[in-house]
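Results of the structural survey
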Amino acid sequence: MVAYGAEQRVLVPALRAGWMRQTFVHWAYPPETVQALLPRGLVVDTYEGAAWVGFTPFVMTDVRPAAVPSSAPGLPSFAETNLRTYVRRRTGGPDGPDGLWFLSLEVACPLMLGARAVGAPYHPGSLSVARAGDALAYEGRRWGGGASYRLVVRPGDPIRPAERDVWLTSRWRAYTRRLGLLWETPVEHEPWPLAEASVEALEETLTGAAGLPAPASAPLVHFSEGVRHVRFGPSRPVGPAAGPR
């Protein structure tokens with residue numbers, strides 16, 4: 001069972017930030033479709049027999065290295081959008097550590113491209129997040145053309161997270177691949193305050209750019225005003241990462 005609260009403390013963070021005004025749009029996929037995009041060190045995680053791909057736009061706030069005190073200003077806020085799936089690391093048993101695998105990361109701040117050093121698949125672009133009455137509008141396009149998206153979502157009432165809600169939103173490590181190695185980055189933050197949400201408009205080419213077929217069913221959607229105290233631990237290599245498989 002994936003935990004609603006952080007599974008480990010990040011006592012010595014490498015980076016601090018906030019993730020605000022985040023929408024979670026999830027589609028179910030056949031596990032073999034997603035597994036084909038993963039390195040051999042990872043196996044797709046499933047819920048009730050389905051793999052899930054999440055499209056998650058949000059605003060990054062107050063990004064700062066851990067050595068910068070909270071009284072000093074961090075980077076200006078900027079938009080980011082992730083396309084991700086859910087995985088477990090192969091450890092010789094059926095229940096390796098669970099986490100996220102990013103199929104793509106769209107970002108409006110070029111400084112975040114430094115995370116490519118551990119294989120984070122960042123793409124710089126023009127991104128925006130704006131209030132539109134009771135709705136939020138997210139838009140983005142990679143520089144130089146290519147993948148783009150437009151999402152308008154209307155948040156609803158707060159919910160008490162059920163098991164599937166927690167499974168889809170609460171992961172405490174991310175995996176990346178670089179130089180033939182699988183890297184793990186731990187993360188700690190307060191539990192997500194989740195709400196219902198409905199999609200009013202959605203156009204995206206991120207799934208196709210990642211090598212996925214178009215989603216075959218309506219998405220499952222959540223909204224969160226966000227978490228302000230995100231702590232990223234140092235990334236570390238955890239094994240070979242040949243692939244994709």
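Now for a quick tour of the structure. (Residues numbered from 1 in each chain as written. Predicted model: local features only at pLDDT ≥ 70, side-chain atom pairs only at ≥ 80, totals over all residues. Heavy atoms only, no water.)

**Digging into the overall build of the protein**
For the protein, the count of helices and strands is three helices and 13 strands. By the compact-globule yardstick of 18 Å for 245 residues, the protein fits well, its C-alpha radius of gyration being 17 Å. Judged by the C-alpha coordinates and their principal axes, the protein covers about 50 × 45 × 40 Å. Considering only intrachain contacts with a sequence separation of at least 6, the fraction spanning at least 24 residues in the protein is 73%. (Helix = DSSP H or I, 4+ residues; strand = E, 2+ residues; numbered from the N terminus. Rg over C-alpha atoms; globule rule 2.2 N^0.38 Å. Contact = heavy atoms within 4.5 Å.)

**Re the environment of R89**
Looking at the element boundaries, R89 is found in strand β4 (residues 78-89). Separated by 79 residues in sequence, R89 and V10 have C-alpha atoms that sit 20 Å apart. Filtering out sequence-adjacent residues up to four positions away, R89 remains in contact with G41, L42, G96, P97, Y175, L182, E184 and V238.

**Digging into the pairing of β4**
Counting buried residues along β4, twelve of its twelve residues qualify, which places the element largely inside the surrounding structure. What you see with β4 is no split at all: F78, E80, N82, R84, Y86 and R88 on one side and A79, T81, L83, T85, V87 and R89 on the other are buried throughout. Pairing of strand β2 (residues 42-44) with β4, which is carried by three bridges, proceeds in the antiparallel orientation. Bridged to V44 within β4 is V87. Where β4 meets strand β5 (residues 98-107), nine bridges bridge the pair, whose relative direction is antiparallel. Residue pairing for β5: L83 is matched across the bridge by S104. (Buried < 20%, exposed > 50% of the residue type's maximum accessible area, 1.4 Å probe, protein only. Pairing = 2+ DSSP bridges.)

**Regarding the nonpolar core**
Formed by 32 residues in total, the largest nonpolar core has its most connected members in F55 and W101. Those elements giving two or more residues to this core turn out to be β1 (15-29), β2, β3 (51-65), β4, β5, β7 (135-142), β8 (148-158) and β12 (220-232). For W101, the residues in contact, after removing those within four places along its chain, are L37, L38, P39, L42, L83, R84, T85, V87, Y175, T176, R177 and L182. (Core = buried A, V, L, I, M, F, W, Y, C linked by side-chain atoms within 4.5 Å.)

**A word on the packing of aromatic side chains**
This structure, assessed with the given rule, holds eight aromatic pairs. Summarising the aromatic geometry, the rings of F24 and W192 are spaced 5.1 Å apart at their centres and angled 90° between planes, so their arrangement reads as edge-to-face. Separated by 168 residues along the polypeptide, F24 in strand β1 and W192 in the loop between β10 (181-188) and β11 (195-204) bring together distant segments of the chain. For the pair shown, F24 and W192 are each scored as buried. (Phe/Tyr/Trp six-rings, centres within 6.5 Å; stacked < 30°, edge-to-face > 60°.)

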